[in-house]
Amino acid sequence: MSRGAAGHDGRHSTPRHRAETLPTATATAAVMVAAHIGPAGTWLPGARRALFPALAGRGRPDHIALTFDDGPDPGSTPQFLDALDELAVRATFFVLGDSVLRHPRTAYEISRRGHELAVHGWTHSRPWLPTVARDLHEVQGAARVVRRATGAVPRWYRPPYGVLTGGRGLAAARAGLRPVLWTAWGRDWTARATPASVLATVCRDLRGGGTVLLHDSDRAAEPGCWRATLGALPALVRVCRDEGWTVGPLADHGIGAG
């Protein structure tokens, strides 16, 4: 036994040294988890609207930003595009990178009809474990396929489930994207959703300057639930216009202006 492997009395000191490193390792892990999960507290709508209005999507008081998540879907997205054409409304579509890769023509059609594409990630993955390298790769990859499919450079990022972890926030910054969540949603992903329930749920939190979250795809939801959203669109736009609000994409919303 060498002296480097034992204490002055000849006994190994490795177990003691190992025990001394445990609090440090635990503290490091705690810091990593806090850095990952801490920013996700912005998911809470009350705190988000009060403390982070730009992240919540608060914009011009005379404007409502209409946004859709989870596409493009060749089975449902074109029906939303037709409905929006009839309503003379443009919107922002937060798309998934792997869906754009599989359905580039649908992604291009969104852009061709005058709508804005934004990044919703690569897949609709859950963010429970820190995956900083993967977040960087997937968000940048999604932005890249949007540019290839449409020729447009995306400006916005909305993480799946609205959970903005530290890694996802860093990934958005590296990709030149601005995170934005929502101020009102339709809970349109359930099997029980109807046009009336979607409209009522959105209107509960609808205020001038708000950002509305809806879905043009059932990829991460109950099959066919998008039909309730589609059915609610005309009434929702009518409510906004009756209030004197213009409905449009995030690009026209004036987030953080002034």
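Not measured: the values here are computed from a predicted model. (Residues numbered from 1 in each chain as written. Predicted model: local features only at pLDDT ≥ 70, side-chain atom pairs only at ≥ 80, totals over all residues. Heavy atoms only, no water.)

### Here we look at the packing of helix H4 (residues 77-87) against helix H6 (residues 104-112)
Which entries qualify depends on this criterion: For helices, the fitted line uses only the C-alpha atoms of the stretch in contact; every axis is such a line through C-alpha atoms, and the angle between N-to-C directions lies from 0 to 180 degrees. By definition, any uninterrupted DSSP run of H or I lasting at least four residues is a helix, any uninterrupted run of E lasting at least two residues is a strand, and each is numbered from the N terminus. Each angle is binned into one of four classes, with values under 35 degrees roughly parallel, values over 145 roughly antiparallel, values of 65 to 115 roughly perpendicular, and all other values oblique. Contact definition: two residues touch when any of their heavy atoms are within 4.5 Å. Gly counts as polar in this scheme, as do all residues outside two lists: the nonpolar Ala, Val, Leu, Ile, Met, Phe, Trp, Tyr, Cys and Pro, and the charged Asp, Glu, Lys and Arg.
Contact pair H4 / H6: the axes reach a minimum separation of 10 Å and the direction vectors enclose 10°. Judged by the angle between their axes, H4 and H6 are roughly parallel. Residue-level contacts link Thr77, Pro78 and Leu81 of H4 to Thr106, Glu109 and Ile110 of H6. Taken together, the residues of the contact of H4 with H6 sort by class into three nonpolar, two polar and one charged.

### Examining helix H8 (residues 166-174)
Our working rule: Partly exposed describes any residue whose relative accessible area lies between the buried limit of under 20% and the exposed limit of over 50%, with all areas from a 1.4 Å probe on protein chains only and scaled to the type maximum. Each C-beta atom gives one direction from the helix axis, and the arc is the one those directions make.
The complete set of buried residues in H8 reads Gly167, Arg168, Ala171 and Ala172. Buried residues of H8, seen end-on, are gathered within an arc of 135° and therefore sit on one face of the element. Turned more than 90 degrees from where H8 packs its buried face, Ala173 and Arg174 sit exposed. Buried-residue contacts for H8 involve helix H7 (132-150), strand E4 (156-157) and strand E5 (178-179). With its phi angle positive at about 75°, Gly176 sits one or two positions after the end of H8.

### Here we look at unusual backbone geometry
Backbone torsion omega between Gly71 and Pro72 reads 0°, so that peptide bond is classified as cis. Take Pro72: it is sitting in the loop between strand E1 (63-71) and H4. You will see that Ala88, though not glycine, has its phi angle at about 55°, which is positive. Inspection of the secondary structure assignment puts Ala88 in the loop between H4 and strand E2 (92-95). Here Tyr161, not a glycine, exhibits a phi torsion of approximately 65°, which is positive. By relative accessible area, Tyr161 is classed as partly exposed at 31%.

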